[in-house]
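# Architecture at a glance
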Amino acid sequence: MQLEIRLLGAVELFVDGHVVTPGSGKRRAVLAGLALEPNRPVSLQRLAEMAWSDSPPASAVANLRSHAAELRRTLGDRLIARLNAYELRMAPHELDASEFQRLAGEGRKLLATQEAASAIPALTDALAYWRGPAGAGVPRGTALDNRWASLDEQRLQVFEELTEARLAAGRHSDVLAGLRQHLAAHPLRERAWEHLMLALYRCGDLPAALAAYQDARAALNEQLGVEPGGELADLHRQILERAPQLSRTLPRTEVTMAVAAPPQPSGAIAWAVPRELPPDLATFVVRTEETAAVVETVTVATPAAAVITGPPGSGKTATAVRAAHMVARDFPDGQVFIDLGYRVAATSEEVLARALRALGVAPSDVPDGTDERVGWWRSLVAGRRLLLVMDGVTRSAQVRPLLPAGPGPALIVVGQRQLGSLDGVRRVGLAPLSAAGARGLLATLAGGERLAADPHATRDLVRLCAGSVLALRIAGSRLARWPQMPVAALVDQLGDGRDRLDLLACEDLSVRASLAKGVAAICGDNEVASKLFKRLAESPDTPALVDALARQLGISTVQVRRAVDDLIDAHLVHRDETGRYRLPALVRDYAAELAAVPSGPVSLRHRNNDPFRLRPESA
């Protein structure tokens with residue numbers, strides 16, 4: 001007798017190649033239970049637990065004997081009666097579940113070798129045995145449920161192992177459709193999310209790979225309340241960093257094509273390849289999503305231009321530098337870094353001259369006229385994979401001539417303002433860090449165990465730093481410098497607002513200096529904004545309305561509103577839910593220091609090693 005029992009889908013019985021209907025659901029359950037434990041007795045009690053979802057009735061034994069008698073009509077002497085038990089004699093190849101497991105084991109062994117792609121045939125054949133959910137058509141809520149769940153789990157594992165083998169074979173695009181269907185049904189499978197991200201990345205779709213991580217994170221958070229595991233998070237980080245090990249593909253024939261170089265202006269020197277990016281921060285542990293947005297923009301968007309904006313000390317420059325390092329390989333023609341230092345007086349003519357010199361143009365060859373400089377710049381960079389990073393920008397006019405005019409170059413701009421008049425750029429705003437992000441940064445600098453030892457003081461330190469990356473970095477550096485200092489001791493020192501900005505300084509890092517530079521960038525050439533900020537500085541805790549401020553300053557509400565908008569755009573003032581205008585926490589501390597300064601337009605000075613302070617323009 002040729003026997004075949006199928007459990008990987010609806011329970012089916014074949015005898016000598018012909019389909020035989022086993023009968024009712026309970027009879028199918030008895031057949032399945034015997035097939036899953038072949039060649040050994042299965043007790044009547046065990047069979048009853050497999051057939052009934054609740055307590056077996058008093059007639060269970062009689063019913064089981066009746067089901068066995070009907071099955072024996074088909075199975076003959078394959079079904080043997082034992083003492084209070086039955087045994088089904090079967091060869092391994094006669095059960096689809098056994099063949100599936102055999103082939104899966106073979107494929108798994110091949111997958112572990114250096115020739116992982118050789119596992120594809122065995123794993124493909126293993127999955128071919130499946131026709132639907134295991135044990136379809138038998139009662140649920142019985143002792144068989146765990147067996148069905150185990151088989152279904154094995155099926156998911158083998159699908160993911162087959163995907164891994166196909167990725168090893170370089171068949172990245174082939175796996176996408178199946179992976180998306182797989183994840184639609186099983187959104188908590190982190191391994192499958194890893195495969196989808198890797199496949200998308202190797203297909204050249206970086207934005208989709210990063211979006212897949214966000215989809216995975218959302219699914220895990222919504223259904224389980226957890227963040228992605230270490231392997232998935234690590235893959236996300238590697239994709240952001242464009243780690244070389246992610247780009248493994250099958251060897252392919254290289255085709256070399258001659259590409260004509262862009263025409264150079266008359267008299268231009270040979271192209272120089274600048275490598276001007278500052279070093280990346282080793283402790284960059286925040287702004288992951290914002291960095292991904294910048295990376296996506298400069299590698300995919302047209303024009304490839306991003307503006308990073310945020311409050312003083314929010315980590316704008318660090319984010320720009322991290323993103324620039326991550327995409328540096330995509331810009332082999334060079335990376336130029338220009339820091340305007342938030343100088344309002346800096347002009348686009350200066351910037352263009354600086355950029356041209358970075359490309360090897362001798363200072364004496366830089367044209368005098370702005371139009372000629374712009375034309376020369378665009379001719380030099382046309383079609384070139386060049387990345388320009390501009391830090392400390394205060395006005396759109398400083399960067400508008402350097403916006404990419406076509407494919408090839410890319411631009412990252414850092415400034416407090418959003419530079420709203422720049423057309424077509426993507427704006428990436430940096431909000432104050434969340435409490436969790438702040439603790440993570442502090443833990444990286446000062447040690448997680450130290451913070452965990454005093455959670456209340458850590459919470460207060462996070463609050464006092466007000467979400468400022470710079471303030472948190474300085475506080476963490478102070479703790480790291482003095483390992484014996486309790487977190488509470490630093491909190492006590494910072495708790496006195498009069499000294500807070502003095503303490504939030506470490507060597508060349510200073511929150512006061514950052515705030516002073518940001519205030520000067522807005523107030524230096526805006527008399528109304530200067531007066532308005534000075535007014536708020538005199539009473540930093542008093543909320544103000546536009547009409548009241550206009551009366552106090554003796555100017556029109558239109559002028560006040562425009563100045564308020566400038567201060568809001570620079571993150572020096574925010575509007576609360578009542579419509580009143582207030583100073584953010586650290587800005588309020590800085591403004592309080594200005595309360596005794598005589599009124600008038602303000603600018604910056606630096607006296608010896610004292611902190612930056614504002615003074616009247618006439619001083």
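Residues numbered from 1 in each chain as written. Predicted model: local features only at pLDDT ≥ 70, side-chain atom pairs only at ≥ 80, totals over all residues. Heavy atoms only, no water.

## What to know about the overall build of the protein
Scanning the protein from terminus to terminus reveals 25 helices and 17 strands. Of all 619 residues assigned to the protein, the portion counted as buried reaches 49%. Counting only contacts in the protein whose residues sit at least 6 apart along the sequence, the fraction spanning at least 24 positions is 67%. Of the accessible surface of the protein, which amounts to about 28900 Å², a share of 50% is contributed by carbon and sulfur atoms. (Helix = DSSP H or I, 4+ residues; strand = E, 2+ residues; numbered from the N terminus. Buried < 20%, exposed > 50% of the residue type's maximum accessible area, 1.4 Å probe, protein only. Contact = heavy atoms within 4.5 Å. Areas by Shrake-Rupley, 256 points an atom, 1.4 Å probe, with all protein chains shown as cover.)

## Section: the sheet that holds strand β6 (residues 85-88)
Within the open sheet, the three strands sit side by side as β4-β6-β5. Their pairing is antiparallel. With partners counted over all chains shown, the strands left at the sheet margins are β4 (42-43) and β5 (79-82), one partner each. When β4 meets β6, the two strands line up antiparallel, connected through two bridges. Paired with Val42 across the strands is Tyr86, a residue of β6. Here helix α3 (residues 60-75) sits on the sheet and contacts β5 and β6; the angle it forms with β5, its principal contact strand, is near 145°. (Pairing = 2+ DSSP bridges. Axes fitted to C-alpha atoms, helices over the stretch in contact; angles between N-to-C directions.)

## A few points about the pattern of salt bridges
Following the criterion strictly, the structure yields 32 salt bridges and no others. For the salt bridge of Glu70 with Arg73, the shortest nitrogen-to-oxygen distance reads 3.5 Å. Linking Glu70 with Arg73, this pair stays in helix α3, spanning three residues, or about one helical turn. One salt bridge in this structure joins Arg102 and Glu106, with 2.9 Å as the shortest N-O distance. (Salt bridge = Lys/Arg side-chain N within 4 Å of Asp/Glu carboxyl O.)

## Describing the pairing of strand β7 (residues 305-309)
The buried fraction of β7 amounts to five of the five residues, a majority that puts the element mostly inside the structure. Of the two faces of β7, the one lined by Ala305, Val307 and Thr309 and the one lined by Ala306 and Ile308 are each fully buried.

## Description of helix α15 (residues 435-446)
Taking 1.5 Å of rise per residue, 12 residues should cover 16 Å, and α15 covers 16 Å from first to last C-alpha, within 8% of that figure. The set of residues buried in α15 consists of Gly437, Ala438, Leu441, Leu442, Leu445 and Ala446. Taken around the axis of α15, the buried residues stretch over an arc of 145°, which confines them to a single face. In the stretch just after α15, Gly447 is the one whose phi turns positive, near 105°. (Expected span 1.5 Å × (residues − 1). Arc of directions from axis to C-beta.)

## Points about unusual backbone geometry
The backbone of Asp16 sits at a positive phi, close to 50°, despite the residue not being glycine. For Asp16, the position within the fold is in the loop between β2 (12-15) and β3 (18-20). Among the residues examined, Asp16 registers a relative accessible area of 44% and is labelled partly exposed.

## Looking at the confidence of the model for the protein
For the protein, the average pLDDT comes to 83, and 89% of its residues sit at 70 or higher. Of all helices and strands in the protein, the one with the weakest mean pLDDT is strand β17 (residues 613-616) (34), whereas strand β9 (residues 387-391) scores best (95). Counted against residues more than four places away or in other chains, residues 249-264, with its pLDDT under 50, gives 13 contacts. A low-confidence stretch, residues 266-270 stays under pLDDT 50, and its non-local contacts, those more than four residues away or across chains, total six contacts. (pLDDT = per-residue confidence, 0-100.)

## With respect to helix α9 (residues 206-224)
Here α9 is 19 residues long and its end C-alpha atoms lie 27 Å apart, about the 27 Å a rise of 1.5 Å per residue gives. Looking at α9, one finds that the buried residues are Leu206, Pro207, Ala208, Ala209, Leu210, Ala212, Tyr213, Ala216, Ala219 and Leu220. Buried residues in α9 make contact with α8 (190-202), α10 (230-241) and α11 (288-300). If you check the start of α9, you find a side-chain oxygen 3.2 Å away from the backbone N of Ala208, and it comes from Asp205. (Polar contact = N/O pair within 3.5 Å; in protein donor to acceptor, adjacent residues only side chain to side chain.)

## Observations regarding a nonpolar patch on the surface
Where nonpolar side chains cluster on the molecular surface, the patch consists of Leu188, Leu224 and Val226 and spans about 230 Å² of accessible area. Along the chain, Val226 falls in the loop between α9 and α10. (Patch = residues over 30% accessible without salt bridge, like charges linked within 9 Å, V, L, I, M, F, W, Y side chains within 5 Å.)

## Remarks on the sheet that holds strand β8 (residues 335-339)
Think of a sheet as strands paired side by side through backbone hydrogen bonds, with each pair either parallel or antiparallel. On the basis of which strands lie adjacent, the open sheet formed by five strands has the order β8-β9-β10-β7-β11 and parallel pairing. On the outer flanks of this sheet lie β8 and β11 (426-429), each paired with one strand and no other. Across the sheet, the mean angle separating the axes of adjacent strands is 15° when strand polarity is ignored. Alignment of β9 against strand β10 (residues 410-415), held across four bridges, turns out to be parallel. By the bridge assignment, Leu388 is partnered in β10 with Leu411. Most of the contacts of α11 go to β11, to which it runs at about 165°, and overall it touches β7, β10 and β11. Strands β7, β8, β9 and β10 of the sheet are contacted by helix α12 (residues 316-327), whose axis makes an angle of about 165° with β10.

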